[in-house]
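Descriptive analysis of the structure
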Amino acid sequence: MTDSATSQHASSAQLATPRTTAHKAVYIGRFAPSPTGPLHFGSLLAALASYLDARHAGGQWHVRIEDLDPPREDPAASQHILRTLEAYGLTWDGSICYQSQRHAAYLHGLHQLADLGLAFPCGCSRKQLQGRLHLAGCAHPPNKEAGQDYAWRFRVDPQAAPVCFDDRLQGRYCLSPSRDIGDFVIRRRDQLWSYQLAVVLDDHDLGINQIVRGIDLIDSTQRQLLIYQAFGWDAPGYAHIPVATERNGQKLSKQNLALPLQPDHSGQTLWLALDWLGQQPPATLQGAGNHTLLQWAIQHWQPERLHGRHQLPAPAAFQRPGSSDPA
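Everything numeric in this text was worked out from a predicted model, so none of it was measured.

The rules behind each value
Residues numbered from 1 in each chain as written. Predicted model: local features only at pLDDT ≥ 70, side-chain atom pairs only at ≥ 80, totals over all residues. Heavy atoms only, no water. Pairing = 2+ DSSP bridges. Helix = DSSP H or I, 4+ residues; strand = E, 2+ residues; numbered from the N terminus. Contact = heavy atoms within 4.5 Å. Axes fitted to C-alpha atoms, helices over the stretch in contact; angles between N-to-C directions. Core = buried A, V, L, I, M, F, W, Y, C linked by side-chain atoms within 4.5 Å. Buried < 20%, exposed > 50% of the residue type's maximum accessible area, 1.4 Å probe, protein only. Disulfide = S-S within 2.5 Å. Salt bridge = Lys/Arg side-chain N within 4 Å of Asp/Glu carboxyl O.

Some thoughts on the sheet that holds strand 2 (residues 60–65)
- With parallel pairing, three strands are arranged side by side in an open sheet as 1-2-3. Each edge of the open sheet is held by one strand with a lone partner, namely strand 1 (28–31) and strand 3 (97–98).
- Judged from the four bridges that link them, strand 1 and strand 2 form a sheet pairing that is parallel. Across the sheet, residue Arg30 finds its bridge partner in strand 2, namely His62.
- Those strands touched by helix 2 (residues 41–56) are strand 1 and strand 2, and its axis lies near 150° from that of strand 2.
- Along the sheet, helix 7 (residues 195–206) contacts strand 1 and strand 2; its crossing angle with strand 2, the most-contacted strand, is approximately 145°.

Examining the nonpolar core
- Counting 48 residues, the largest nonpolar core has Phe41, Leu48, Leu52, Leu90 and Leu277 as its most contacted members.
- Looking at this core, the elements with two or more residues in it are helix 2, strand 2, helix 3 (77–87), strand 10 (237–241), helix 9 (268–276) and helix 10 (290–300).
- It is helix 2 that contributes the most residues to this core, ten residues altogether.
- Counting 36 residues, the second largest nonpolar core, distinct from the first, contains Leu118, Trp152, Val200 and Leu226.

Brief notes about helix 8 (residues 221–231)
- Extensive coverage of helix 8 is indicated by the burial of eleven of its eleven residues.
- Every buried residue belonging to helix 8 is among Thr221, Gln222, Arg223, Gln224, Leu225, Leu226, Ile227, Tyr228, Gln229, Ala230 and Phe231, and all of these are buried.
- Just downstream of helix 8 lies Gly232, where phi reads positive at about 75°.

Quick word on the state of the cysteines
- One pass over the full model with this rule turns up one disulfide.
- Here Cys164 pairs with Cys174 through a disulfide, and the sulfurs are 2.1 Å apart. Because the sign of the S-S torsion sets the handedness, a value of about 115° for the bond joining Cys164 and Cys174 places this disulfide among the right-handed ones. Of this pair, Cys164 sits in strand 6 (residues 163–167) while Cys174 sits in strand 7 (residues 171–175), placing them ten residues apart in sequence.
- For Cys164, a relative accessible area of 14% translates into the label buried.
- The partly exposed category is assigned to Cys174, whose relative accessible area is 36%.

Focus on the pattern of salt bridges
- Counted by the stated rule, this structure contains 14 salt bridges.
- A salt bridge links Arg102 to Asp202; the shortest N-O distance between them is 2.4 Å. Taken together, the residues span a long stretch of sequence, with Arg102 in the loop between strand 3 and helix 4 (103–115) and Asp202 in helix 7 at a distance of 100 residues. When sorted by exposure, Arg102 lands in the same class as Asp202, which is buried.
- Between Arg188 and Asp190 there is a salt bridge whose closest N-O contact spans 2.6 Å.
- What makes Arg188 partly exposed here is its relative accessible area of 29%.

Printed below as a string of structure tokens:
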């Protein structure tokens, strides 16, 4: 694997404005939870929005389990997540993709980027970087002969123009490679794969051309676009929905101990989720069952009602008891 300045400049010159696949004939979307615990109301919103967007377009909807970080994972979470999706009627196409089974694909992708001069080994620690972005090569090259642990980073061009994309819900969004991104990690020092590389390779191999997910992931998009550009692949279209929050403004997340989502066949929880997504489901459909609600929602899906929204409070029933209002 090469790491020369010549390769860096030649490869960087090939990078251009991201190409998107927004108008492909067959819509292929996905939902990709991490098995670090059960789903919560925020997870349901992301799953439901991506599902409705795909089904409204007559497209496919896939599920991927992003089990890349064993120390953080709950061994029972994957099956619990799948059973919960089934309970809400969110049925997927094809077989489940597990990232833990795709090591060979990620290694091949890393080799390709290294051969292009766009990936390099780096021994820099967070302490050494002191909060600064990593740029322009590694100041602490790893001593491989001494068995030093090291990460692999994606090399960005410090002179590159901002990387921009047009989000269907949030509008045009840009980040500067030199000011906002830096040389980012694609394989960690502990040899676990980073989210950024894995998600691009997975989405490309599955043919994903539309991604609907929470706005908390929007800053990852430009890193992923840089990887798409490096491989010469078309990037998906993106729509980032707002996140649901507690009373204190924290987003609902497993890390923040969000209440686990319970299966509900009555349709009441799904009705609340559709209402939160701005879809204005008829009051007469409360308690009509998940199948009936989903049929209505697929037909009437209007994601533009979320345009420009970044966060909204979760319904009171899905907020933690005692979560205080912001000061």
